[in-house]
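So you can see what is in the structure, the chains are spelled out below.
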Amino acid sequence: MDQEARLRDRREELGFGAKWVGGWRFTSGGEFAAAPELWLKRDSAGLVIDVKRIVVKDSDFSTNRELWTSSGVIWTEDVRDITGHALIPTEVAALYNLRSRKGSETIIEARGWRVFLTQLTIRLYTTYCPFGDLKQYIGWYNDNFPNDEDPAFDDLDDEAFNEVVRDFHRTRDQIAREWLPEPFLWHVFESLVIAGLLMERGELDPGPISFWEQILHLDYKCSNVFLDLPSHERYTGYPMPRLGDFGLCTIKKINDPRKAEDYVVGNGTRGNRPAEQMHHLYGKQRKPRMMDSRTNIWGVGIVLWSLIGLEEGDHRVQFDSKDDECDGDPERLKEPTFRPRASEHYSAELLELISACTRYEQKDRPDFADLLKQIKHFTCPNSSSDRAPGLRGAAADDPDWLNEVNRVEKPPEKWKLGFAIAPNDPPAGFKNVPEVVTLASSDETGSEGDIEEDDPFSLAPPTGELTGDVIVEAANEENGENEERVEKKSAKKAKSMKKVEHAAAGPASPQKTGFKRKSRVVEEDNEYDEDDENAERQAVKPTKKKPQRKKRR
């Protein structure tokens, strides 16, 4: 199928009108989510006209039917249904609850959603942030950490390579780096605190609204904070940080009967999770503690810590690792701590506030309302306490934004209004519309309207269609339909593994045995799922399994 035909079919499946072009994948996907696609709306002259550029994300749970049927995890009660039986995806519920509230410009906006029951897939439409995410600013760590793919390390044995890693950690503070400007960090801090306050009580003003269910994000990290067009109200020279990817979030119901151990824990990214989110690693050493709004506080703190430490999360925290070395750093900490050079570049006020957020005990962390007050105090223009010298209220054309100590390098905005784009050719750096399996429209639980109508529920299933029984039934049907496929795949994998075992029984090359570089594989999970390609490769060279340091998400 040619590019034009794929574009037409994909556009029809997604419910877009003829003015929309795209399908370009611009980043990798997650455990269940496929790589998101970008779509743009054009006018008759081929110019981008929709300021709300759309990202489409499909989350496929066909490989984990147990998770699909778990109420309180993937699904939560649909408040639109007065019977109390209808369900809605938790991520969707969280984003729609937060949508259009004062301060919600700090959170990714949902534009629509669909559910495909037979494929066990949830589709989410959100706004696109043209300046990427915060992870682009913390590449220093990955750029300098010893890479086992570097040919310079090929001849090193296990202990010698580990010594290189240890030497990196001993001398890392001496390595040159470009520090982010402090005013930008205050801007990110305030934006995430506003988002956290909304998740805690539904509004910024004192006193919660009459009915609000607290939202816990549970996946804070730099790569989940996106950068949108600047605000017109504060820090107008910097992109607006917006918290996104609520795929792991949970909603705490009023009078929730669940206990601490009933909540799903352990999700997220190593080094970016508080202790109460990791109690399953402790066994009987620590009684599970109920996660609450201060769990989000810790998440905000670790994002700011990462922007200062220039690595995504503190891998020294001892409660978030099953091994003793983690990334090879011998130092083990109870809570994230700034390395010495950070205090030379940032104010004590900023560092102390961030450190308060990442305290081990929840009770020792500040609350969002108090944090917001302190942040505003330390960034108040024309005051002696201002640590963002006048930039919080500076105009967009203020020359101070171009000052070397204040400037933040950002990629040029892509696809501005009035930008001309061809319907079939992807922009630079994007892949063409992929050949993907079309999700049959007959399988949708409702797809009324079109995304061109800015109706929040125009693409949502009608109220009451999604119930626990319907969701479980879909999982069972999917299981039956794919049983033969699963059996064939298992048989093929077993056959491949036999080849590996047979090859491994042969004589080993003496110069390639005995190397098991723990520091190189330490971030991988204990479970190793070999696909057919890897199995075939090992069958050829059974004694050589070159460890690879897993890239952080």
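The protein chain appears in an unreviewed UniProt entry as non-specific serine/threonine protein kinase from Hortaea werneckii.

Counting secondary structure elements, the protein chain contains 14 helices and 11 strands. Counting over 553 residues, the protein chain shows a buried share of 51%. The contacts in the protein chain between residues at least 6 apart in sequence include a share of 70% that link residues at least 24 apart. Just so you have it, the protein chain exposes about 26,500 Å², and 49% of that area is on carbon and sulfur atoms.

What follows concerns the layout of surface pockets. Empty space within the second largest pocket amounts to approximately 530 Å³. Lining the second largest pocket we find 23 residues, and of these Glu178, Trp179, Leu180, Pro181 and Arg407 sit closest to its centre. Grouping the amino acids of the lining of the second largest pocket by side-chain chemistry returns 12 nonpolar, four polar and seven charged.

Let us look at the nonpolar core. One finds Trp68, Leu134, Phe189 and Phe246 to be the most contacted residues of the largest nonpolar core, which totals 95 residues. The element that contributes the greatest number of residues to this core is helix H6 (residues 182-201), accounting for 12 residues. Split by domain, the residues of this core number at least three in each of domain 1 (1-128 + 415-432 + 456-476) and domain 2 (133-142 + 177-412). Non-local contacts of Leu134, meaning those with residues more than four positions away in its chain, are made with Phe184, Val188, Cys222, Val225, Leu227, Val303 and Leu307. Counting eight residues, the second-largest nonpolar core is a separate cluster that includes Leu7, Leu14, Trp20 and Ile54.

With that out of the way, let us pick up the sheet that holds strand E7 (residues 121-127). Ordered by their spatial adjacency, five strands build an open sheet running E1-E2-E3-E7-E6, and the pairing between neighbours is antiparallel. What marks the edges here is a single partner per strand, and that holds for strand E1 (20-25) and strand E6 (110-116). The average undirected angle you get between the axes of adjacent strands in this sheet is 20 degrees. Packed onto the sheet, helix H3 (residues 90-98) meets strand E3 (54-60), E6 and E7 and runs at close to 160 degrees relative to E6.

What follows covers the environment of Pro181. Examined against the element boundaries, Pro181 turns out to sit in the loop between helix H5 (158-171) and H6. Overall, the relative accessible area of 6% leaves Pro181 in the buried class. The sequence separation of Pro181 and Ile308 amounts to 127 residues, and the corresponding C-alpha distance is 9.7 Å. Ignoring sequence-local partners within four residues, the contact set of Pro181 consists of Tyr238, Val405, Asn406, Arg407 and Val408.

The next point concerns the packing of aromatic side chains. Taken as a whole and judged by the stated rule, the model has 19 aromatic pairs. Ring geometry for Phe16 and Tyr125: centres 5.8 Å apart, planes at 90 degrees, overall edge-to-face. With Phe16 in the loop between helix H1 (3-14) and E1 and Tyr125 in strand E7, this pair connects stretches of sequence that are 109 residues apart. Each member of the pair, Phe16 together with Tyr125, is buried.

In this fold, Glu109 is placed in the loop between H3 and E6. A polar atom in the side chain of Glu109 sits 3.5 Å from the side chain of Arg99.

This paragraph deals with the environment of Glu473. Considering the arrangement of structural elements, one finds Glu473 in helix H11 (residues 468-481). The class for Glu473 is partly exposed, based on a relative accessible area of 47%. Residues Glu473 and Thr118, spaced 355 residues apart in sequence, show a C-alpha to C-alpha distance of 9.3 Å.

Counted according to the given criterion, the structure contains four cavities of 30 Å³ or more. By volume, the largest cavity amounts to about 90 Å³. Lining the largest cavity, in full, are Trp140, Arg172, Asp173, Arg177, Trp179, Trp305, Ile308, Gly309, Phe338, Arg339, Arg341 and Ala342. Classifying every residue of the lining of the largest cavity by side-chain character gives six nonpolar, one polar and five charged.

Analysis parameters
Residues numbered from 1 in each chain as written. Predicted model: local features only at pLDDT ≥ 70, side-chain atom pairs only at ≥ 80, totals over all residues. Heavy atoms only, no water. Helix = DSSP H or I, 4+ residues; strand = E, 2+ residues; numbered from the N terminus. Buried < 20%, exposed > 50% of the residue type's maximum accessible area, 1.4 Å probe, protein only. Contact = heavy atoms within 4.5 Å. Areas by Shrake-Rupley, 256 points an atom, 1.4 Å probe, with all protein chains shown as cover. 1 Å grid on protein atoms, 1.4 Å probe; cavity = no way out; pocket = protein on both sides within 12 Å on 5 of 7 lines; lining within 4 Å. Points joined across faces, edges and corners; volume = space filled by probe spheres on them. Nonpolar A, V, L, I, M, F, W, Y, C, P; charged D, E, K, R; others polar. Core = buried A, V, L, I, M, F, W, Y, C linked by side-chain atoms within 4.5 Å. Domains from an automatic or database assignment. Pairing = 2+ DSSP bridges. Axes fitted to C-alpha atoms, helices over the stretch in contact; angles between N-to-C directions. Phe/Tyr/Trp six-rings, centres within 6.5 Å; stacked < 30°, edge-to-face > 60°. Polar contact = N/O pair within 3.5 Å; in protein donor to acceptor, adjacent residues only side chain to side chain.

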